[in-house]
Amino acid sequence: MTAFDQPQVCDLAIIGGGASGLLTAIGALHGARDGLRLVILEPRLPLGHGIAYATRDPGHLLNVPAGKMSGFPDRPDDFLDYLLESGAFPDSDREALAARFVPRLHYAAYLRHRLQQAVAASPARLEVRGERVTAMAAGEEGITLQLASGPPLRAAAVAVCTGNALRPLPARGVSSLPAGRCIDAWEVEAVREIPADADVAIVGSGLSMADCVVSLAAAGHRGQVHVLSRHALLPLPHAAGPAAGYDPQPLLAMTLRQRVRTLRRHAAEAARHGIPWQSVMDRIRPLGQALWQSLSVQDQRRFLRHAVRYWDVHRHRIAVPVHASLLAMRAQGRLHLHRGRLDSAVAEGACVRLTAFDARRRPFQLDVRCVINATGVEMRAQAMRNPLLQQMLGSGIARPGPHGIGIDSTADGELVAADGRVEPRVRIVGSLRIGGLWESLAIPELRGQAAQAAAALAARV
Ligand SMILES: Cc1cc2nc3c(=O)[nH]c(=O)nc-3n(C[C@H](O)[C@H](O)[C@H](O)COP(=O)(O)OP(=O)(O)OC[C@H]3O[C@@H](n4cnc5c(N)ncnc54)[C@H](O)[C@@H]3O)c2cc1C
């Protein structure tokens, strides 16, 4: 910092203006005293988009029914109320809308609307800056944030809401592919601009893959779609039906193997009564964090190594029409599912040649016009292409979370430094808490974390 770079000062700085950042800001505004200065730092405006809600494609649906997507733990119907007030679904009554998987684009508008209302009702002042934070330092006078441009910002308290990062494509040669030949699944416009007759390969077979297929179809794509992943498991669909009635609490005392066996038994039992297996999974949804925290460290490791892909397809499901269109495309011979580990991606004339190894380590090749990276969310903070996280880990103000995933924090989300010291002025909200909580990705968890962080940080300042 030079003499010309004197820090500007605020009370509460929120790094990241996605869903977690906005929910934290709204919470802080509600409880704020007169004159509190709050700053949101977010390079990708408008606010509220983040990764999940930036899409303008109406075919990209929430994977949670509208009735469960309230941003506020004390107002469980809030998103539903907003949708009804907005008039966007005149053909749906309240009950039908609560069960519906609505387009994700409504969610960013909802968050922004609630933020505007909170600003109008609060005695605090909110400033939004289109800035990326590149470094953090803790001192007696406060937490100093370096910004990509402009003078640093010093805050009495900070919420880190930097969210999700895409896993890099795990292939040799990717960085030398010509522009437009390797596209990130979350760049929705780039996916839609793929020529209609181009054959494409999508690496990864989860929810981002499903989004890409929906976008391609909406853009009139007629080429072949090759989906390549290590396990070749497509996401499974949601299902309506009666709720499974078993008691999930005994699972908490079981080993991983016992839990898997017990859940299979419950699913078989449910099927005998015409209840879908999805209801068996929904029963353990509220226990997600407790189930993770009650596993032994060895079982957590086993889960990450052997069970996580199977967990993902059962837990992170897609809307029924999206699933049906994936199956229809397979049946028509337009979508091909390949099981394999990607090794390299190189330009060969007008195409990209992917080389992968199958389960018996035999190589096979796919020649396509372009490759889409849909490998999903990166869990290791040290592998995320985010200079702030690299600096925090490098300087020791933070350390990786359990199993090397996310960032370490206390049970309340306070940042834990490399030497184990707790920094109560910095709270983590969102997917960076994955190592300690596992379930820390979706709104039903984020709203609680945001409310808790907002109350704690606002109380400090
Ligand atoms: C494709 C997709 C679909 C999803 N669908 C659903 C769904 O239907 N329902 C559900 O409950 N959950 C869904 N999720 C889970 C999703 O993670 C959460 O709902 C939510 O969007 C996460 O918000 P976030 O703010 O924590 O992270 P993000 O949305 O990733 O936002 C983080 C923000 O921080 C900013 N940022 C990062 N680093 C910095 C920095 N150094 N300085 C300043 N700003 C920074 C980024 O620009 C970004 O805007 C989905 C996730 C994905 C990826």
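Residues numbered from 1 in each chain as written. Predicted model: local features only at pLDDT ≥ 70, side-chain atom pairs only at ≥ 80, totals over all residues. Heavy atoms only, no water.

A. View of the sheet that holds strand E12 (residues 351-357). Spatially, three strands are ordered E11-E12-E13 in an open sheet, and the strand pairing comes out antiparallel. If you trace the sheet from one side to the other, it starts and ends with strand E11 (341-348) and strand E13 (363-368), each paired once. With direction set aside, neighbouring strand axes in the sheet form an average angle of 20°. Direction of pairing for E12 relative to E13: antiparallel, over a ladder of six bridges. Counted as the bridge partner of Phe357 is Pro363 from E13. (Pairing = 2+ DSSP bridges. Helix = DSSP H or I, 4+ residues; strand = E, 2+ residues; numbered from the N terminus. Axes fitted to C-alpha atoms, helices over the stretch in contact; angles between N-to-C directions.)

B. Molecular detail of the packing of aromatic side chains. Going through the model one piece at a time under the given rule, you end up with 10 aromatic pairs. When the ring of Tyr107 is compared with that of Tyr110, the centres are 5.2 Å apart and the planes differ by 55°; the resulting orientation is tilted. Taken together, the residues span about one helical turn, with Tyr107 and Tyr110 both in helix H4 (residues 105-121) at a distance of three residues. One aromatic cluster is present, formed by Tyr53, Phe79, Tyr82, Tyr107 and Tyr110 through successive ring pairs. Above the plane of the ring of Phe72 lies Arg75, whose end atom (NZ or CZ) is 4.4 Å from the centre. (Phe/Tyr/Trp six-rings, centres within 6.5 Å; stacked < 30°, edge-to-face > 60°. Lys NZ or Arg CZ within 6 Å of the ring centre and 35° of its normal.)

C. Structural context of the site of the ligand. Surveying the vicinity of the ligand reveals 34 residues, the closest of which are Ser20, Glu42, Tyr53, Asn63 and Asn164. Measuring from an oxygen atom of the ligand, one finds a backbone N or O atom of Ile51 at 3.1 Å. Within the backbone of Val133, an N or O atom sits 2.9 Å from a nitrogen atom of the ligand. Protein chains bury 95% of the 990 Å² of accessible surface belonging to the ligand in isolation. Those elements that place two or more of their residues in the shell around the ligand are helix H1 (19-30) and helix H14 (443-460). Considering every element that reaches the shell around the ligand, the biggest residue donor is H14, with three residues. Residue composition of the shell around the ligand, by class: 19 nonpolar, nine polar and six charged. (Near = heavy atom within 4 Å. Polar contact = N/O pair within 3.5 Å; in protein donor to acceptor, adjacent residues only side chain to side chain. Areas by Shrake-Rupley, 256 points an atom, 1.4 Å probe, with all protein chains shown as cover. Nonpolar A, V, L, I, M, F, W, Y, C, P; charged D, E, K, R; others polar.)

D. Representation of the environment of Val297 in the model. Position of Val297 relative to the elements: it lies in helix H10 (residues 297-315). Given the relative accessible area of 45%, Val297 is considered partly exposed. Sequence-wise, Val297 and His403 are 106 residues apart; in three dimensions their C-alpha atoms are separated by 8.8 Å. (Buried < 20%, exposed > 50% of the residue type's maximum accessible area, 1.4 Å probe, protein only.)

E. Geometry of the environment of Ala124. Relative to the assigned elements, Ala124 resides in the loop between H4 and strand E3 (125-129). Spatially, the C-alpha atom of Ala124 lies 5.4 Å from that of Asp34, the residues being 90 residues apart in sequence. With residues up to four places along the chain from it excluded, the contact list for Ala124 reads Leu29, Ala32, Arg33, Gly35 and Leu36. (Contact = heavy atoms within 4.5 Å.)

F. Layout of the domain arrangement of the protein. Here the domain parsing of the protein yields domain 1 (8-60 + 103-165 + 379-460), domain 2 (174-236 + 318-373) and domain 3 (249-315). The gap between the C-alpha centroids of domain 2 and domain 3 is 30 Å. Between domain 2 and domain 3, the contact holds five residues from the first and five residues from the second. Both faces considered, domain 2 and domain 3 share a buried interface measuring about 460 Å² in area, 77% of it formed by carbon and sulfur atoms. When the buried surface of domain 2 facing domain 3 is broken down by residue, His231, Leu233 and Leu236 rank first, second and third, together holding 91% of it. Seen at the junction of domain 2 and domain 3, the total is zero salt bridges. Where domain 2 touches domain 3, the interface holds zero residue pairs in polar contact (both at pLDDT 80 or more). In terms of residue class, the side of domain 2 that touches domain 3 is made up of four nonpolar, one polar and no charged. (Domains from an automatic or database assignment. Buried area = accessible area lost by both parts, 1.4 Å probe. Salt bridge = Lys/Arg side-chain N within 4 Å of Asp/Glu carboxyl O.)

G. View of the pattern of salt bridges. Under the defined criterion, the tally for this structure stands at 25 salt bridges. As a salt-bridge pair, Arg75 and Asp78 come within 3.3 Å of each other at their nearest N and O atoms. Classification of Arg75 by relative accessible area gives partly exposed; the value is 33%. The buried category is assigned to Asp78, whose relative accessible area is 5%.

H. Highlighting unusual backbone geometry. The omega angle of the peptide bond from Leu45 to Pro46 is 5°, so this bond is cis rather than trans. Even without being a glycine, Ala232 presents a positive backbone phi close to 50°. At Arg361, a position not held by glycine, the phi torsion is positive, near 65°. The topology assignment puts Arg361 in the loop between E12 and E13. Take Arg361: its relative accessible area is 61%, and that puts it in the exposed class.

I. Highlighting the packing of helix H7 (residues 256-272) against helix H8 (residues 277-284). The contact between H7 and H8 brings their axes to 8 Å, and the two run at 135°. The angle between H7 and H8 places the two elements in the oblique class. In this structure, H7 crosses over H8, and the sense of that crossing is right-handed. Together, Leu263, His266, Ala267 and Ala270 of H7 and Trp277, Val280 and Ile284 of H8 make up the contact between the two elements. Taken together, the residues that form the contact of H7 with H8 break down as six nonpolar, one polar and no charged. (Parallel < 35°, antiparallel > 145°, perpendicular 65-115°, else oblique. Left-handed = near helix turned anticlockwise from the far one by under 90°.)

J. Structural context of the nonpolar core. In terms of nonpolar packing, the biggest core is built from 45 residues, with Leu38, Phe79 and Tyr107 touching the most fellow members. Counting only elements with at least two residues in this core, the list comes to strand E1 (8-15), H1, strand E2 (37-41), helix H2 (78-86), H4, strand E6 (153-160) and H14. With seven residues, H1 is the largest single contributor of residues to this core. Setting aside chain neighbours within four positions, we find Phe79 in contact with Leu62, Ala66, Met69, Ser70, Val102, His106, Tyr107 and Tyr110. (Core = buried A, V, L, I, M, F, W, Y, C linked by side-chain atoms within 4.5 Å.)

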